[in-house]
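Letter by letter, the chains look like this.
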Amino acid sequence: MAKAKRMYGCTECGATFPKWAGQCGECGAWNTLVEALLEGAAPLSGRGGWAGQQANVRTLAEVSVEELPRFSTASKELDRVLGGGLVDGSVVLIGGDPGIGKSTILLQTLCNVAERFPALYVTGEESQQQVAMRARRLDLPQDKLKVMTETCIEAIVATARLEKPKVMVIDSIQTIFTEQLQSAPGGVAQVRESAALLVRFAKQSGTAVFLVGHVTKEGALAGPRVLEHMVDTVLYFEGESDGRLRLLRAVKNRFGAINELGVFGMTDKGLKEVSNPSAIFLTRAQEEVPGSVVMATWEGTRPMLVEVQALVDTSHMGNPRRVTLGLDQNRLAMLLAVLHRHGGIPTYDQDVFLNVVGGVKVLETASDLALLAAVISSLRNRPLPHDLLVFGEIGLSGEIRPVPSGQERLKEAAKHGFKRAIVPRGNAPKEAPEGLSVIPVTRLEQALDALFE
Ligand code: TYD
Ligand code: MG
(Lines give C-alpha, C1' and ligand atoms only; values in the text may rest on other atoms or scores of the structure.)
(Ligands and ions follow the chains in the order given, each with its own letter.)
Protein backbone atom coordinates (compact mmCIF):
# COMPACT_ATOMS: atom_id res chain seq x y z
CA MET A 1 0.00 0.00 0.00
CA ALA A 2 1.31 3.42 -0.89
CA LYS A 3 2.21 5.34 2.19
CA ALA A 4 -0.16 8.18 2.86
CA LYS A 5 1.32 11.64 3.06
CA ARG A 6 1.33 13.07 6.54
CA MET A 7 0.31 16.47 7.73
CA TYR A 8 -0.86 18.16 10.87
CA GLY A 9 -4.35 19.44 11.52
CA CYS A 10 -5.60 21.80 14.21
CA THR A 11 -8.28 20.20 16.39
CA GLU A 12 -9.81 23.61 17.08
CA CYS A 13 -10.17 25.22 13.65
CA GLY A 14 -9.34 22.39 11.27
CA ALA A 15 -6.49 24.20 9.49
CA THR A 16 -3.76 21.93 8.11
CA PHE A 17 0.01 22.37 8.03
CA PRO A 18 2.85 20.34 6.54
CA LYS A 19 4.92 20.69 9.72
CA TRP A 20 4.10 20.35 13.38
CA ALA A 21 4.21 23.51 15.50
CA GLY A 22 3.28 24.35 19.07
CA GLN A 23 0.78 26.97 17.99
CA CYS A 24 -1.79 26.88 15.22
CA GLY A 25 -0.93 29.54 12.63
CA GLU A 26 -4.60 29.94 11.77
CA CYS A 27 -6.48 30.37 15.04
CA GLY A 28 -3.56 30.82 17.43
CA ALA A 29 -4.55 27.96 19.76
CA TRP A 30 -1.68 26.19 21.53
CA ASN A 31 -0.92 22.48 21.37
CA THR A 32 -3.79 21.67 19.08
CA LEU A 33 -1.87 20.33 16.05
CA VAL A 34 -2.17 16.57 15.69
CA GLU A 35 -1.08 14.17 13.01
CA ALA A 36 -3.68 13.73 10.29
CA LEU A 37 -3.84 12.30 6.82
CA LEU A 38 -3.80 14.49 3.74
CA GLU A 39 -7.17 14.71 2.04
CA GLY A 40 -7.02 12.83 -1.22
CA ALA A 41 -4.12 10.64 -0.22
CA ALA A 42 -4.96 6.99 0.49
CA PRO A 43 -8.54 7.23 1.79
CA LEU A 44 -8.14 6.38 5.41
CA SER A 45 -11.47 4.95 6.41
CA GLY A 46 -11.95 3.42 2.99
CA ARG A 47 -14.12 6.27 1.74
CA GLY A 48 -15.63 5.04 -1.49
CA GLY A 49 -15.76 8.37 -3.29
CA TRP A 50 -18.55 9.52 -5.57
CA ALA A 51 -19.57 6.95 -8.16
CA GLY A 52 -22.01 9.09 -10.10
CA GLN A 53 -25.29 7.80 -8.64
CA GLN A 54 -28.21 10.11 -8.04
CA ALA A 55 -28.27 11.34 -4.48
CA ASN A 56 -31.25 10.17 -2.46
CA VAL A 57 -33.51 13.21 -1.96
CA ARG A 58 -37.02 12.97 -0.54
CA THR A 59 -39.46 15.09 1.42
CA LEU A 60 -39.78 14.26 5.08
CA ALA A 61 -43.32 12.99 4.56
CA GLU A 62 -42.10 10.43 2.05
CA VAL A 63 -39.61 8.96 4.44
CA SER A 64 -41.09 5.92 6.09
CA VAL A 65 -40.47 5.90 9.81
CA GLU A 66 -40.77 2.61 11.55
CA GLU A 67 -40.08 2.18 15.20
CA LEU A 68 -36.33 2.03 15.67
CA PRO A 69 -35.25 -1.56 15.96
CA ARG A 70 -34.28 -1.76 19.63
CA PHE A 71 -33.46 -4.65 21.84
CA SER A 72 -33.10 -4.92 25.58
CA THR A 73 -29.69 -5.10 27.21
CA ALA A 74 -31.19 -7.21 30.00
CA SER A 75 -30.52 -4.38 32.43
CA LYS A 76 -33.49 -2.14 33.16
CA GLU A 77 -31.37 0.79 34.29
CA LEU A 78 -29.09 0.63 31.23
CA ASP A 79 -32.11 0.33 28.93
CA ARG A 80 -33.60 3.40 30.58
CA VAL A 81 -30.45 5.47 30.05
CA LEU A 82 -30.25 4.35 26.42
CA GLY A 83 -33.82 5.56 25.86
CA GLY A 84 -35.57 2.19 26.01
CA GLY A 85 -33.00 -0.31 24.77
CA LEU A 86 -30.07 -0.52 22.39
CA VAL A 87 -30.63 0.53 18.77
CA ASP A 88 -29.17 -1.61 15.99
CA GLY A 89 -26.14 -0.01 14.39
CA SER A 90 -25.77 2.63 17.10
CA VAL A 91 -22.47 3.61 18.66
CA VAL A 92 -22.49 4.26 22.39
CA LEU A 93 -19.57 5.85 24.20
CA ILE A 94 -19.25 5.07 27.92
CA GLY A 95 -16.89 7.40 29.76
CA GLY A 96 -15.77 7.54 33.35
CA ASP A 97 -12.86 7.48 35.78
CA PRO A 98 -10.68 4.37 35.93
CA GLY A 99 -12.13 1.76 38.28
CA ILE A 100 -15.65 3.17 38.21
CA GLY A 101 -17.10 0.04 36.60
CA LYS A 102 -17.14 0.50 32.83
CA SER A 103 -15.67 -2.91 32.06
CA THR A 104 -17.86 -4.53 34.68
CA ILE A 105 -21.16 -3.21 33.38
CA LEU A 106 -20.29 -4.03 29.78
CA LEU A 107 -19.16 -7.56 30.62
CA GLN A 108 -22.35 -8.17 32.57
CA THR A 109 -24.44 -6.76 29.73
CA LEU A 110 -22.68 -8.70 27.00
CA CYS A 111 -22.75 -12.03 28.82
CA ASN A 112 -26.51 -11.65 29.15
CA VAL A 113 -27.08 -10.37 25.61
CA ALA A 114 -24.96 -13.25 24.25
CA GLU A 115 -27.64 -15.65 25.48
CA ARG A 116 -29.95 -14.26 22.82
CA PHE A 117 -27.68 -12.79 20.10
CA PRO A 118 -24.08 -13.18 18.93
CA ALA A 119 -21.84 -10.80 20.89
CA LEU A 120 -18.15 -9.94 20.79
CA TYR A 121 -16.07 -8.42 23.58
CA VAL A 122 -12.84 -6.85 22.32
CA THR A 123 -10.40 -5.91 25.03
CA GLY A 124 -7.15 -4.08 24.61
CA GLU A 125 -6.54 -3.68 28.32
CA GLU A 126 -7.07 -7.05 29.90
CA SER A 127 -6.16 -10.59 28.88
CA GLN A 128 -8.77 -13.19 27.96
CA GLN A 129 -8.01 -14.92 31.24
CA GLN A 130 -8.74 -11.78 33.23
CA VAL A 131 -12.06 -11.30 31.48
CA ALA A 132 -13.00 -14.95 31.93
CA MET A 133 -12.02 -14.87 35.59
CA ARG A 134 -14.22 -11.87 36.20
CA ALA A 135 -17.16 -13.46 34.41
CA ARG A 136 -16.74 -16.59 36.53
CA ARG A 137 -16.53 -14.63 39.74
CA LEU A 138 -19.71 -12.74 38.85
CA ASP A 139 -21.53 -16.00 37.95
CA LEU A 140 -22.33 -14.73 34.47
CA PRO A 141 -23.32 -17.06 31.64
CA GLN A 142 -20.06 -17.78 29.82
CA ASP A 143 -20.72 -20.25 27.03
CA LYS A 144 -21.88 -17.80 24.35
CA LEU A 145 -19.87 -14.59 24.64
CA LYS A 146 -16.79 -14.40 22.43
CA VAL A 147 -13.73 -12.55 23.71
CA MET A 148 -10.89 -11.17 21.63
CA THR A 149 -7.71 -9.39 22.69
CA GLU A 150 -6.66 -7.07 19.91
CA THR A 151 -5.69 -3.44 19.55
CA CYS A 152 -5.36 -3.01 15.79
CA ILE A 153 -8.58 -1.56 14.47
CA GLU A 154 -8.20 -3.06 11.00
CA ALA A 155 -7.92 -6.55 12.53
CA ILE A 156 -10.87 -5.89 14.83
CA VAL A 157 -13.15 -4.78 12.01
CA ALA A 158 -12.07 -7.69 9.80
CA THR A 159 -12.88 -10.17 12.58
CA ALA A 160 -16.16 -8.47 13.34
CA ARG A 161 -17.20 -8.76 9.69
CA LEU A 162 -16.74 -12.53 9.95
CA GLU A 163 -18.29 -12.95 13.39
CA LYS A 164 -21.25 -10.67 12.62
CA PRO A 165 -22.04 -9.85 16.26
CA LYS A 166 -25.21 -7.97 17.15
CA VAL A 167 -23.36 -6.17 19.92
CA MET A 168 -19.67 -5.46 20.19
CA VAL A 169 -17.64 -3.82 22.98
CA ILE A 170 -14.34 -2.04 22.46
CA ASP A 171 -12.56 -1.73 25.82
CA SER A 172 -11.06 0.83 25.53
CA ILE A 173 -10.87 3.14 22.52
CA GLN A 174 -7.64 4.64 23.90
CA THR A 175 -5.77 1.36 23.46
CA ILE A 176 -6.84 0.96 19.83
CA PHE A 177 -4.65 2.08 16.92
CA THR A 178 -4.88 2.18 13.16
CA GLU A 179 -2.01 1.04 10.96
CA GLN A 180 -2.41 4.19 8.91
CA LEU A 181 -0.99 6.50 11.55
CA GLN A 182 2.38 6.38 13.21
CA SER A 183 1.47 8.19 16.40
CA ALA A 184 0.99 6.29 19.64
CA PRO A 185 -2.40 4.79 20.57
CA GLY A 186 -4.46 7.07 22.77
CA GLY A 187 -3.56 10.22 20.86
CA VAL A 188 -6.32 12.33 19.37
CA ALA A 189 -5.56 11.31 15.80
CA GLN A 190 -5.50 7.59 16.59
CA VAL A 191 -8.67 7.74 18.67
CA ARG A 192 -10.49 9.72 16.01
CA GLU A 193 -9.53 7.54 13.06
CA SER A 194 -10.18 4.29 14.94
CA ALA A 195 -13.55 5.53 16.13
CA ALA A 196 -14.43 6.71 12.61
CA LEU A 197 -13.76 3.22 11.27
CA LEU A 198 -15.90 1.68 13.99
CA VAL A 199 -18.77 4.10 13.36
CA ARG A 200 -18.71 3.23 9.66
CA PHE A 201 -18.62 -0.46 10.50
CA ALA A 202 -21.57 -0.10 12.88
CA LYS A 203 -23.69 1.76 10.35
CA GLN A 204 -22.91 -0.69 7.53
CA SER A 205 -23.34 -3.90 9.48
CA GLY A 206 -26.07 -2.93 11.95
CA THR A 207 -23.87 -4.03 14.84
CA ALA A 208 -24.38 -1.96 17.98
CA VAL A 209 -20.99 -0.88 19.30
CA PHE A 210 -20.06 0.17 22.84
CA LEU A 211 -16.87 2.20 23.13
CA VAL A 212 -15.20 2.56 26.50
CA GLY A 213 -13.49 5.93 26.89
CA HIS A 214 -11.20 6.99 29.69
CA VAL A 215 -11.47 10.37 31.23
CA THR A 216 -8.50 12.69 31.55
CA LYS A 217 -7.50 14.37 34.80
CA GLU A 218 -9.39 17.49 33.80
CA GLY A 219 -12.57 15.46 33.64
CA ALA A 220 -12.97 15.32 29.86
CA LEU A 221 -12.82 12.27 27.64
CA ALA A 222 -9.44 12.08 25.95
CA GLY A 223 -10.05 13.49 22.50
CA PRO A 224 -13.46 14.64 23.70
CA ARG A 225 -14.63 16.86 20.86
CA VAL A 226 -13.81 14.34 18.20
CA LEU A 227 -15.43 11.38 19.92
CA GLU A 228 -18.56 12.96 21.35
CA HIS A 229 -19.88 14.23 18.07
CA MET A 230 -19.06 11.07 16.14
CA VAL A 231 -21.07 8.67 18.25
CA ASP A 232 -24.85 8.44 18.70
CA THR A 233 -24.94 8.25 22.46
CA VAL A 234 -22.58 9.42 25.20
CA LEU A 235 -22.97 7.97 28.68
CA TYR A 236 -20.96 9.05 31.70
CA PHE A 237 -20.37 7.03 34.83
CA GLU A 238 -20.48 9.24 37.91
CA GLY A 239 -20.03 8.55 41.57
CA GLU A 240 -17.17 8.20 44.00
CA SER A 241 -15.11 5.18 43.07
CA ASP A 242 -14.60 4.39 46.77
CA GLY A 243 -18.32 4.64 47.47
CA ARG A 244 -20.85 2.03 46.48
CA LEU A 245 -23.17 4.01 44.25
CA ARG A 246 -22.61 4.38 40.53
CA LEU A 247 -24.69 6.72 38.38
CA LEU A 248 -24.87 6.35 34.63
CA ARG A 249 -25.99 9.52 32.90
CA ALA A 250 -26.80 10.13 29.23
CA VAL A 251 -25.29 13.45 28.11
CA LYS A 252 -26.05 12.95 24.43
CA ASN A 253 -28.54 10.59 22.85
CA ARG A 254 -29.76 10.57 19.27
CA PHE A 255 -32.30 7.92 20.23
CA GLY A 256 -33.70 9.13 23.52
CA ALA A 257 -33.83 11.78 26.20
CA ILE A 258 -30.70 13.13 27.80
CA ASN A 259 -30.01 13.50 31.49
CA GLU A 260 -31.69 10.17 32.02
CA LEU A 261 -30.06 8.59 35.02
CA GLY A 262 -29.40 4.94 35.76
CA VAL A 263 -28.50 4.01 39.33
CA PHE A 264 -26.35 1.03 40.24
CA GLY A 265 -24.67 -0.25 43.37
CA MET A 266 -21.22 -1.88 43.20
CA THR A 267 -21.24 -5.14 45.15
CA ASP A 268 -18.87 -8.08 45.37
CA LYS A 269 -21.03 -9.67 42.66
CA GLY A 270 -20.67 -6.79 40.23
CA LEU A 271 -23.04 -3.93 39.52
CA LYS A 272 -26.58 -4.34 40.80
CA GLU A 273 -29.47 -2.17 39.69
CA VAL A 274 -31.08 0.17 42.17
CA SER A 275 -34.72 0.55 41.24
CA ASN A 276 -35.73 2.87 44.09
CA PRO A 277 -32.83 5.36 44.33
CA SER A 278 -34.63 7.78 46.67
CA ALA A 279 -34.57 5.17 49.42
CA ILE A 280 -30.78 4.87 49.16
CA PHE A 281 -29.96 8.55 49.03
CA LEU A 282 -32.13 9.18 52.05
CA THR A 283 -30.53 6.87 54.58
CA ARG A 284 -30.01 9.52 57.24
CA ALA A 285 -29.07 9.81 60.84
CA GLN A 286 -31.94 9.32 63.28
CA GLU A 287 -31.70 12.70 65.01
CA GLU A 288 -32.21 15.94 63.13
CA VAL A 289 -28.98 17.83 62.50
CA PRO A 290 -28.44 21.42 61.34
CA GLY A 291 -27.44 21.98 57.72
CA SER A 292 -29.32 19.09 56.19
CA VAL A 293 -32.38 19.29 53.95
CA VAL A 294 -34.04 17.01 51.41
CA MET A 295 -34.98 18.13 47.91
CA ALA A 296 -36.58 16.39 44.95
CA THR A 297 -34.59 16.48 41.73
CA TRP A 298 -35.92 15.50 38.34
CA GLU A 299 -33.67 13.14 36.45
CA GLY A 300 -34.79 12.53 32.87
CA THR A 301 -38.13 10.88 33.44
CA ARG A 302 -38.27 10.30 37.17
CA PRO A 303 -38.00 12.21 40.42
CA MET A 304 -35.36 11.42 43.00
CA LEU A 305 -35.09 12.57 46.58
CA VAL A 306 -31.60 13.63 47.63
CA GLU A 307 -30.14 15.18 50.74
CA VAL A 308 -28.28 18.50 50.51
CA GLN A 309 -25.82 19.25 53.32
CA ALA A 310 -24.24 22.56 54.23
CA LEU A 311 -21.55 23.55 56.66
CA VAL A 312 -21.20 27.25 57.38
CA ASP A 313 -18.31 28.32 59.55
CA THR A 314 -16.59 31.58 60.48
CA SER A 315 -13.97 32.39 57.88
CA HIS A 316 -10.44 33.35 58.81
CA MET A 317 -9.46 34.46 55.34
CA GLY A 318 -10.03 37.65 53.43
CA ASN A 319 -11.80 35.65 50.75
CA PRO A 320 -14.31 33.32 52.39
CA ARG A 321 -14.48 29.90 50.77
CA ARG A 322 -17.38 28.64 48.70
CA VAL A 323 -16.92 24.95 48.07
CA THR A 324 -19.51 22.69 46.45
CA LEU A 325 -19.61 18.98 45.70
CA GLY A 326 -22.28 17.98 43.21
CA LEU A 327 -23.63 21.53 42.89
CA ASP A 328 -22.67 24.58 40.85
CA GLN A 329 -20.20 26.82 42.67
CA ASN A 330 -21.08 29.99 40.77
CA ARG A 331 -24.73 29.40 41.46
CA LEU A 332 -23.93 29.21 45.19
CA ALA A 333 -22.11 32.55 45.08
CA MET A 334 -25.08 34.09 43.31
CA LEU A 335 -27.60 32.64 45.76
CA LEU A 336 -25.60 33.90 48.74
CA ALA A 337 -25.78 37.38 47.23
CA VAL A 338 -29.55 37.04 46.82
CA LEU A 339 -29.77 35.81 50.40
CA HIS A 340 -28.00 38.94 51.61
CA ARG A 341 -29.93 41.43 49.50
CA HIS A 342 -33.41 39.95 49.81
CA GLY A 343 -33.20 37.89 52.98
CA GLY A 344 -30.96 40.25 54.95
CA ILE A 345 -28.65 37.40 55.94
CA PRO A 346 -24.95 38.16 55.34
CA THR A 347 -22.38 35.40 54.77
CA TYR A 348 -19.36 37.47 53.70
CA ASP A 349 -17.48 36.44 56.85
CA GLN A 350 -18.43 32.77 56.56
CA ASP A 351 -16.94 29.79 54.74
CA VAL A 352 -19.70 27.82 53.02
CA PHE A 353 -19.32 24.13 52.12
CA LEU A 354 -22.06 22.25 50.28
CA ASN A 355 -22.44 18.60 49.42
CA VAL A 356 -25.05 16.36 47.85
CA VAL A 357 -25.07 13.03 49.65
CA GLY A 358 -24.22 9.91 47.63
CA GLY A 359 -22.04 11.54 44.97
CA VAL A 360 -25.06 12.75 42.98
CA LYS A 361 -24.64 15.80 40.76
CA VAL A 362 -27.62 18.12 40.85
CA LEU A 363 -27.46 20.39 37.82
CA GLU A 364 -30.92 21.91 37.88
CA THR A 365 -31.97 25.20 39.42
CA ALA A 366 -34.70 23.49 41.44
CA SER A 367 -32.02 22.97 44.07
CA ASP A 368 -31.74 26.73 44.79
CA LEU A 369 -34.19 26.90 47.66
CA ALA A 370 -32.95 23.67 49.27
CA LEU A 371 -29.40 24.94 49.03
CA LEU A 372 -30.17 28.19 50.87
CA ALA A 373 -32.31 26.34 53.42
CA ALA A 374 -29.34 24.10 54.25
CA VAL A 375 -26.99 27.10 54.45
CA ILE A 376 -29.24 29.03 56.85
CA SER A 377 -29.94 25.94 58.91
CA SER A 378 -26.21 25.47 59.43
CA LEU A 379 -25.54 29.18 59.94
CA ARG A 380 -28.17 29.43 62.67
CA ASN A 381 -27.47 25.95 64.01
CA ARG A 382 -31.15 25.13 63.68
CA PRO A 383 -32.06 21.70 62.36
CA LEU A 384 -34.89 21.36 59.86
CA PRO A 385 -37.49 18.64 60.39
CA HIS A 386 -36.82 15.24 58.83
CA ASP A 387 -40.15 15.11 57.06
CA LEU A 388 -39.70 18.44 55.24
CA LEU A 389 -39.14 18.67 51.50
CA VAL A 390 -37.88 21.85 49.80
CA PHE A 391 -37.41 22.74 46.16
CA GLY A 392 -37.69 25.78 43.88
CA GLU A 393 -35.66 28.13 41.72
CA ILE A 394 -34.63 31.52 43.10
CA GLY A 395 -34.45 34.56 40.82
CA LEU A 396 -32.07 37.48 41.22
CA SER A 397 -34.81 39.68 42.61
CA GLY A 398 -35.61 37.19 45.35
CA GLU A 399 -38.64 35.64 43.70
CA ILE A 400 -39.27 31.90 43.91
CA ARG A 401 -39.92 30.45 40.47
CA PRO A 402 -41.70 27.24 39.58
CA VAL A 403 -39.75 24.26 38.24
CA PRO A 404 -40.81 21.50 35.80
CA SER A 405 -42.64 18.38 36.97
CA GLY A 406 -43.57 19.75 40.41
CA GLN A 407 -46.43 17.26 40.80
CA GLU A 408 -44.23 14.22 40.31
CA ARG A 409 -41.68 15.55 42.78
CA LEU A 410 -44.37 16.04 45.40
CA LYS A 411 -45.79 12.57 44.77
CA GLU A 412 -42.37 11.02 45.25
CA ALA A 413 -42.02 12.86 48.58
CA ALA A 414 -45.45 11.71 49.75
CA LYS A 415 -44.53 8.14 48.78
CA HIS A 416 -41.52 8.32 51.08
CA GLY A 417 -43.48 9.64 54.02
CA PHE A 418 -42.73 13.36 53.88
CA LYS A 419 -45.29 15.49 55.71
CA ARG A 420 -44.47 19.07 54.65
CA ALA A 421 -43.22 20.63 51.42
CA ILE A 422 -42.15 24.22 50.80
CA VAL A 423 -42.46 24.81 47.06
CA PRO A 424 -42.94 27.63 44.53
CA ARG A 425 -46.54 28.80 44.27
CA GLY A 426 -46.59 27.79 40.60
CA ASN A 427 -45.90 24.22 41.62
CA ALA A 428 -48.54 23.98 44.34
CA PRO A 429 -51.17 21.46 43.22
CA LYS A 430 -54.90 22.04 43.61
CA GLU A 431 -54.99 18.89 45.65
CA ALA A 432 -51.88 17.92 47.57
CA PRO A 433 -50.85 14.24 47.61
CA GLU A 434 -52.21 12.41 50.61
CA GLY A 435 -50.40 13.01 53.87
CA LEU A 436 -48.38 15.94 52.50
CA SER A 437 -49.16 19.55 53.37
CA VAL A 438 -47.86 21.89 50.70
CA ILE A 439 -46.75 25.41 51.62
CA PRO A 440 -46.58 27.60 48.50
CA VAL A 441 -44.18 30.58 48.51
CA THR A 442 -43.49 33.38 46.04
CA ARG A 443 -40.69 35.36 47.71
CA LEU A 444 -37.48 34.39 49.47
CA GLU A 445 -38.56 36.27 52.63
CA GLN A 446 -41.73 34.20 52.71
CA ALA A 447 -39.79 30.97 52.25
CA LEU A 448 -37.47 31.88 55.13
CA ASP A 449 -40.45 32.53 57.39
CA ALA A 450 -41.97 29.17 56.44
CA LEU A 451 -38.67 27.39 57.03
CA PHE A 452 -37.78 28.91 60.38
CA GLU A 453 -41.07 30.12 61.76
P1 TYD B 1 -13.75 -1.96 36.26
O2 TYD B 1 -15.10 -2.34 35.79
O3 TYD B 1 -12.62 -2.73 35.69
O4 TYD B 1 -13.55 -0.41 36.02
P5 TYD B 1 -13.19 0.38 34.69
O6 TYD B 1 -13.31 -0.55 33.55
O7 TYD B 1 -14.20 1.50 34.65
O8 TYD B 1 -11.82 0.92 34.87
O9 TYD B 1 -13.62 -2.10 37.84
C10 TYD B 1 -14.47 -1.57 38.75
C11 TYD B 1 -13.99 -1.60 40.16
O12 TYD B 1 -15.00 -2.21 40.93
C13 TYD B 1 -12.71 -2.36 40.42
O14 TYD B 1 -11.82 -1.48 41.07
C15 TYD B 1 -13.08 -3.45 41.35
C16 TYD B 1 -14.48 -3.20 41.76
N17 TYD B 1 -15.34 -4.38 41.65
C18 TYD B 1 -16.12 -4.77 42.72
O19 TYD B 1 -16.12 -4.14 43.78
N20 TYD B 1 -16.94 -5.86 42.59
C21 TYD B 1 -16.97 -6.60 41.46
O22 TYD B 1 -17.72 -7.58 41.40
C23 TYD B 1 -16.16 -6.17 40.35
C24 TYD B 1 -16.17 -6.94 39.06
C25 TYD B 1 -15.36 -5.07 40.49
MG1 MG C 1 -11.72 -1.36 32.38
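Since the model is a prediction, treat every value here as computed from it, not as a measurement.

1. With respect to the domain arrangement of the protein chain
Think of interface size as the accessible area that goes away when the parts come together; that is how it is often given.
Now for step 1: The domain architecture assigned to the protein chain consists of domain 1 (6–37), domain 2 (69–275) and domain 3 (280–451).
Now for step 2: Here domain 1 is connected to domain 2 by zero salt bridges.
Now for step 3: Linking domain 1 with domain 2 are zero residue pairs in polar contact (both at pLDDT 80 or more), by the criterion used here.
Now for step 4: In terms of residues, the side of domain 1 that touches domain 2 owes the most to one element, strand β3 (residues 33–37), which gives four residues.

2. Details of the site of ligand 1
Now for step 1: Near ligand 1, the surroundings consist of 16 residues, among which Gly99, Lys102, Ser103, Thr104 and Thr267 are the closest.
Now for step 2: Arginine 134 places a side-chain nitrogen or oxygen 3.1 Å from an oxygen atom of ligand 1.
Now for step 3: The backbone of threonine 267 places a nitrogen or oxygen atom 2.8 Å from a nitrogen atom of ligand 1.
Now for step 4: Contact with the protein chains hides 73% of the accessible area of ligand 1, taken as 560 Å² for the molecule alone.
Now for step 5: Elements that contribute at least two residues to the shell around ligand 1 include exactly α2 (102–113), α3 (128–137) and β13 (261–267).
Now for step 6: For the shell around ligand 1, a count of residues per class yields four nonpolar, six polar and six charged.

3. Some thoughts on the pairing of strand β6 (residues 91–96)
Now for step 1: Counting buried positions along β6 yields six of six residues, so the element is predominantly enclosed.
Now for step 2: Covered by surrounding structure in β6 are Val91, Leu93 and Gly95 together with Val92, Ile94 and Gly96, the residues of both alternating faces.
Now for step 3: Across four bridges, β6 lies against strand β11 (residues 233–238) in parallel orientation. Bridge assignment links leucine 93 to a residue of β11, and that residue is valine 234.

4. Some words on α2
Now for step 1: Taking 1.5 Å of rise per residue, twelve residues should cover 16 Å, and α2 covers 16 Å from first to last C-alpha, within 8% of that figure.
Now for step 2: Where burial is concerned, most of α2 is hidden: eleven out of the twelve residues are buried.
Now for step 3: Taken together, the buried positions of α2 are Lys102, Ser103, Thr104, Ile105, Leu106, Leu107, Gln108, Thr109, Leu110, Cys111 and Val113.

5. Comments concerning the side chain of threonine 347
Now for step 1: Mapped onto the elements of the fold, threonine 347 is located in the loop between α8 (329–343) and β18 (350–356).
Now for step 2: Threonine 347 sits in the buried class, given a relative accessible area of 4%.
Now for step 3: Each residue touching threonine 347, except ones within four places of it in the same chain, is listed here: Arg322 and Leu336.

6. As for the UniProt feature "domain: RecA family profile" (unreviewed entry) in the protein chain
Now for step 1: When the UniProt feature table is mapped to this numbering, "domain: RecA family profile" (unreviewed entry) covers residues 67–215.
Now for step 2: Between the first and last C-alpha atoms of residues 67–215 the distance is 34 Å; the span itself is 39% helix and 21% strand.

7. Section: the packing of helix α4 (residues 153–163) against helix α5 (residues 188–205)
Now for step 1: α5 packs onto α4 with a crossing angle of 10 degrees between their chain directions and a minimal axis gap of 10 Å. As summarised for this structure, α4 and α5 are arranged roughly parallel, according to the angle between their axes. On the side of α4, the interface is formed by Ile153, Glu154, Val157, Ala160 and Arg161, while α5 contributes Ser194, Leu197, Leu198, Phe201 and Gln204.
Now for step 2: Residues belonging to the contact of α4 with α5 are distributed by class as follows: six nonpolar, two polar and two charged.

8. Let's talk about α5
Now for step 1: For α5, with 18 residues, the first-to-last C-alpha span of 26 Å sits near the 26 Å given by 1.5 Å per residue.
Now for step 2: Along α5, the residues that are buried comprise Ala189, Gln190, Val191, Glu193, Ser194, Ala195, Ala196, Leu197, Leu198, Val199, Phe201 and Ala202.

9. Topic: the UniProt feature "binding site: ATP" (unreviewed entry) in the protein chain
Now for step 1: Taking the UniProt record as the reference, the feature "binding site: ATP" (unreviewed entry) is found at Gly96, Asp97, Pro98, Gly99, Ile100, Gly101, Lys102 and Ser103. Checked against the lining of the second largest pocket, the annotated residues just named reduce to Gly96, Asp97 and Ile100.
Now for step 2: Checked against the element boundaries, aspartate 97 lands in the loop between β6 and α2.
Now for step 3: Other than its neighbours up to four places away in sequence, aspartate 97 contacts Lys102 and Val215.
Now for step 4: Relative to the helices and strands, isoleucine 100 is located in the loop between β6 and α2.
Now for step 5: Look at isoleucine 100 and you get buried, because its relative accessible area is 0%.
Now for step 6: If near-sequence neighbours (up to four positions away) are discounted, isoleucine 100 is found in contact with Phe237, Glu238, Gly239, Arg246 and Met266.

10. Some details on the sheet that holds strand β8 (residues 146–149)
Now for step 1: Taken in spatial order, the nine strands of this open sheet run β8-β7-β9-β10-β6-β11-β12-β13-β14, and their pairing is mixed. Two strands close off the open sheet at either side, each with one partner strand: β8 and β14 (270–273). Each adjacent strand pair in this sheet contributes to an overall mean axis angle of 25 degrees, direction not counted.
Now for step 2: Set on the sheet, α3 makes contact with β7 (119–123) and β8; between it and β8 the angle comes to about 145 degrees.

Conventions and cut-offs
- Residues numbered from 1 in each chain as written.
- Chains lettered and ligands numbered in written order.
- Predicted model: local features only at pLDDT ≥ 70, side-chain atom pairs only at ≥ 80, totals over all residues.
- Heavy atoms only, no water.
- Domains from an automatic or database assignment.
- Salt bridge = Lys/Arg side-chain N within 4 Å of Asp/Glu carboxyl O.
- Polar contact = N/O pair within 3.5 Å; in protein donor to acceptor, adjacent residues only side chain to side chain.
- Helix = DSSP H or I, 4+ residues; strand = E, 2+ residues; numbered from the N terminus.
- Near = heavy atom within 4 Å.
- Areas by Shrake-Rupley, 256 points an atom, 1.4 Å probe, with all protein chains shown as cover.
- Nonpolar A, V, L, I, M, F, W, Y, C, P; charged D, E, K, R; others polar.
- Buried < 20%, exposed > 50% of the residue type's maximum accessible area, 1.4 Å probe, protein only.
- Pairing = 2+ DSSP bridges.
- Expected span 1.5 Å × (residues − 1).
- Contact = heavy atoms within 4.5 Å.
- UniProt positions renumbered as here; feature names shortened; annotations may be inferred.
- Axes fitted to C-alpha atoms, helices over the stretch in contact; angles between N-to-C directions.
- Parallel < 35°, antiparallel > 145°, perpendicular 65-115°, else oblique.
- 1 Å grid on protein atoms, 1.4 Å probe; cavity = no way out; pocket = protein on both sides within 12 Å on 5 of 7 lines; lining within 4 Å.

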